[in-house]
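Summary of the model geometry
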Amino acid sequence: MKKKVIFLVDMQSFYASIEKAAHPELAQQPVIISGDPERRSGVVLAACPLAKKHGVQNASRLWEAQKQCPQAIILRPRMQLYVDISIKITNILNQFTDLVEVYSIDEQFLDVTASQHLFGEPLAIAKNIQATILNKVGIKARVGIGPNKILAKMACDQFAKKNKDGIFQLDFDNIEEYMWKLPIEKMFGIGRRMEQHLKRMGIRTIGHLANFPLHILKKRWGINGEVLWQTANGINHSPVTVKTHDQQKAIGHHMTLPRDYNRLEDIKVVLLELSEEVARRARFKDYMGGTVSLSVRGTSFKTPTGFQRQLKLTTPTHFDLDIFHAVCLLFQKYWDGLPVRSIGVTLSQLQIAQQYQLNLFNSELKKEKINQALDFVYLKYGPTALIRASSLNEAGQAFHRAEKIGGHYK
């Protein structure tokens with residue numbers, strides 16, 4: 001049996017590249033894709049390589065990006081177009097292997113171990129994939145190659161993106177030469193807080209972590225300590241699977257508010273709208289959830305305020321008012337009274353909706369029929385055909401959200 005050959009195929013500056021392909025006149029100009037600054041969503045979603053040369057970074061504030069690159073062309077995102085092209089790229093990758101795992105809208109894992117009989121060595125397959133995507137979609141792809149998903153991901157993020165040809169192979173023969181020399185914060189799975197913990201222990205490179213005594217890491221972080229050690233050593237046994245997203249763990253919706261909300265009445269309007277959205281998506285996917293979570297963020301970035309809490313329900317649900325009552329309890333219990341900038345509602349501990357315990361003291365069947373009627377109207381006439389009167393208030397965001405996909409305009 002041949003050793004595994006895993007690819008991570010990543011699209012270069014995905015959103016910006018799509019816009020440049022659609023507008024050839026922008027080919028030699030710096031392009032930035034950003035939300036609407038008037039609704040406080042002015043964050044850089046994507047910047048083309050020309051803009052990045054001026055210091056523009058993804059997730060930075062639009063005003064900062066414009067200061068760094070004043071000549072940049074600012075475009076609003078077209079999420080439906082990006083989703084459609086992402087699906088098209090998946091279909092292209094399926095021509096090379098039937099083991100394609102969508103990791104994000106612009107990243108996909110491939111297991112091409114068996115494909116070598118048809119398409120040649122890994123490097124030849126990678127170049128073939130790049131040429132096909134460029135020819136059919138007009139976007140450059142980078143390919144990380146490794147014996148598992150971790151090394152393929154590291155190969156792509158840390159090396160292929162910086163190579164002229166956009167391809168790099170990382171394996172156990174060169175892991176010490178390349179990956180172990182990287183700063184610890186460059187390792188996949190290391191956040192800012194974990195970076196600080198590791199550096200306090202004298203672990204400053206990935207190589208330091210790879211050679212650190214495993215029993216000390218396990219004593220401090222348990223199984224997570226072992227996962228960190230395995231990642232640093234390039235060990236990962238998770239297969240590439242096409243069914244990664246078939247069973248969701250949670251369904252949630254998050255919203256950045258167009259202004260600071262400091263009145264409970266206004267915040268409740270948003271909580272109800274978010275609860276309706278989460279409940280509707282759960283019903284469409286035929287799920288119920290047993291736990292409701294609420295995340296709230298304040299207005300200050302320097303001194304963050306807010307909270308994230310969850311509540312276990314007595315019975316699983318996919319009804320909006322059940323979720324709404326739960327998040328209201330959480331909000332009223334943990335809110336510090338300071339202005340709110342963003343809110344998120346999540347339903348987790350999902351199970352198939354057809355298998356649940358009936359509650360003798362709650363009219364589940366009546367709620368089921370009401371929501372079936374509402375869902376029918378939603379599908380036929382759109383999300384704003386029927387709305388609650390509270391959404392007509394100034395605080396309501398239902399009409400604005402209906403114009404978006406994934407928080408951005410279609």
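So, a few notes on the structure that sits alongside this text. On a predicted model such as this, the values are computed, not experimentally measured, just so you know.

Section: the overall build of the chain
- For the chain, the helix and strand inventory stands at 15 helices and 14 strands.
- Each of the 410 residues in the chain was classed as buried or not, and the buried ones make up 47%.
- Expressed as a percentage of contacts within the chain between residues at least 6 apart in sequence, the contacts between residues at least 24 apart total 65%.
- By element, 54% of the accessible surface of the chain is carried by carbon and sulfur atoms, the whole surface being about 21,800 Å².

Concerning the sheet that holds strand 2 (residues 31-34)
- Overall, mixed pairing links the three strands, which are arranged 3-2-4 in an open sheet. Each of the sheet's edge strands pairs with one partner strand only, and the pair in question is strand 3 (44-47) and strand 4 (73-75). For this sheet, the mean angle separating the axes of adjacent strands, direction not counted, is 25°.
- Both strand 2 and strand 3 contribute to a ladder of three bridges, which runs antiparallel. Residue pairing across strands places Ser34 opposite Val44, the latter belonging to strand 3.

Some thoughts on the packing of aromatic side chains
- Per the stated rule, a full pass over the model turns up ten aromatic pairs.
- Look at Phe168 and Tyr178: their rings are 5.1 Å apart centre to centre, the planes differ by 75°, and that puts the pair in the edge-to-face class. Placement of Phe168 in strand 8 (residues 167-169) and of Tyr178 in the loop between strand 8 and helix 8 (192-200) is noted, with a sequence separation of ten residues between them.
- The exposure class assigned to Tyr178 is partly exposed, which follows from its relative accessible area of 31%.
- Each member of the aromatic cluster is reached from another via a ring pair, and the members are Phe307, Phe331, Tyr334 and Trp335.
- We note Lys149 situated over the ring of Phe109; from NZ or CZ to the ring centre the distance is 5.2 Å.

A look at the sheet that holds strand 5 (residues 100-104)
- The mixed open sheet is built from five strands, whose spatial order is 5-6-1-7-8. Each edge of the open sheet is held by one strand with a lone partner, namely strand 5 and strand 8. Across the sheet, the mean angle separating the axes of adjacent strands is 20° when strand polarity is ignored.
- Where strand 1 (residues 6-11) meets strand 7 (residues 141-146), six bridges bridge the pair, whose relative direction is antiparallel. Pairing of Ile6 across the sheet is with Gly146, part of strand 7.

Comments concerning the pattern of salt bridges
- The tally for this structure, following the rule as stated, stands at 13 salt bridges.
- Between Arg78 and Glu19 there is a salt bridge, with its nearest N and O atoms 2.9 Å apart. Here Arg78, found in the loop between strand 4 and helix 4 (79-93), pairs with Glu19, found in helix 1 (residues 14-22); they are 59 residues apart in sequence, far enough to count as distant.
- Its relative accessible area of 33% is what places Arg78 among the partly exposed residues.
- One salt bridge connects Glu277 with Arg280, and the closest N-O pair in it is separated by 3.6 Å. One end of the pair is Glu277 and the other is Arg280, both in helix 12 (residues 264-284) and three residues apart, which spans about a single turn.
- By relative accessible area, which is 14% here, Glu277 ends up buried.
- In this structure, a network of salt bridges that share partners links the residues Asp10, Glu107, Arg142, Lys153, Asp157 and Lys161.

Some details on the packing of helix 12 against helix 13 (residues 320-334)
- It is at 8 Å that the axes of helix 12 and helix 13 come closest, and there the two elements cross at 140°. Taken as axis vectors, helix 12 and helix 13 run oblique relative to one another. Handedness of the helix 12/helix 13 crossing: right-handed. Contact with helix 12, carried on its side by Leu264, Ile267, Lys268, Leu271, Leu272, Ser275, Glu276, Val278, Ala279 and Arg283, involves Asp320, Leu321, Ile323, Phe324, Val327, Cys328, Phe331 and Gln332 of helix 13 and no other residues of that element.

Notes on helix 6 (residues 122-137)
- Look at helix 6: 22 Å from first C-alpha to last across 16 residues, which is about the 22 Å you get at 1.5 Å a residue.
- Here helix 6 has its buried residues at Pro122, Ile125, Ala126, Ile129, Gln130, Thr132, Ile133 and Val137. Down the axis of helix 6, the sector holding all buried residues measures 165°, keeping them to one side.
- Residue Gly138 follows helix 6 closely and has a positive phi angle near 85°.

Remarks on the packing of helix 10 (residues 214-221) against helix 11 (residues 223-232)
- Following both chains from N to C, one finds helix 10 and helix 11 inclined at 140°, their axes separated by 6 Å at the closest point. Relative to helix 11, the element helix 10 is oriented oblique. For the pair helix 10 and helix 11, contact is made by Leu214, Leu217, Lys218 and Trp221 and by Ile223, Asn224, Gly225, Glu226, Leu228 and Trp229, respectively.
- For the contact of helix 10 with helix 11, the class distribution of residues is six nonpolar, two polar and two charged.

Quick word on the environment of Arg78
- Placed 63 residues apart in sequence, Arg78 and Tyr15 show a C-alpha to C-alpha distance of 8.4 Å.
- Only 2.9 Å separates the side chain of Arg78 from the side chain of Glu19, close enough to count as a polar contact.

Considering the side chain of Thr97
- Relative to the assigned elements, Thr97 resides in the loop between helix 4 and strand 5.
- Here the side chain of Thr97 touches Asp111 through a polar contact of 2.8 Å, landing on its backbone oxygen.
- What Thr97 contacts, discounting residues up to four positions off in sequence, is Leu110, Asp111, Val112 and Ser115.

Brief notes about the pairing of strand 6 (residues 107-111)
- Counted residue by residue, strand 6 has five buried out of five residues, so it is predominantly covered.
- Residues of strand 6 alternate between two faces, with Glu107, Phe109 and Asp111 on one and Gln108 and Leu110 on the opposite face, all of them buried.
- Across five bridges, the pairing between strand 1 and strand 6 is antiparallel. Paired with Asp10 across the bridge in strand 6 is Glu107.
- Between the antiparallel neighbours strand 5 and strand 6 lie two residues.

The rules behind these values
- Residues numbered from 1 in each chain as written.
- Predicted model: local features only at pLDDT ≥ 70, side-chain atom pairs only at ≥ 80, totals over all residues.
- Heavy atoms only, no water.
- Helix = DSSP H or I, 4+ residues; strand = E, 2+ residues; numbered from the N terminus.
- Buried < 20%, exposed > 50% of the residue type's maximum accessible area, 1.4 Å probe, protein only.
- Contact = heavy atoms within 4.5 Å.
- Areas by Shrake-Rupley, 256 points an atom, 1.4 Å probe, with all protein chains shown as cover.
- Pairing = 2+ DSSP bridges.
- Axes fitted to C-alpha atoms, helices over the stretch in contact; angles between N-to-C directions.
- Phe/Tyr/Trp six-rings, centres within 6.5 Å; stacked < 30°, edge-to-face > 60°.
- Lys NZ or Arg CZ within 6 Å of the ring centre and 35° of its normal.
- Salt bridge = Lys/Arg side-chain N within 4 Å of Asp/Glu carboxyl O.
- Parallel < 35°, antiparallel > 145°, perpendicular 65-115°, else oblique.
- Left-handed = near helix turned anticlockwise from the far one by under 90°.
- Expected span 1.5 Å × (residues − 1).
- Arc of directions from axis to C-beta.
- Nonpolar A, V, L, I, M, F, W, Y, C, P; charged D, E, K, R; others polar.
- Polar contact = N/O pair within 3.5 Å; in protein donor to acceptor, adjacent residues only side chain to side chain.

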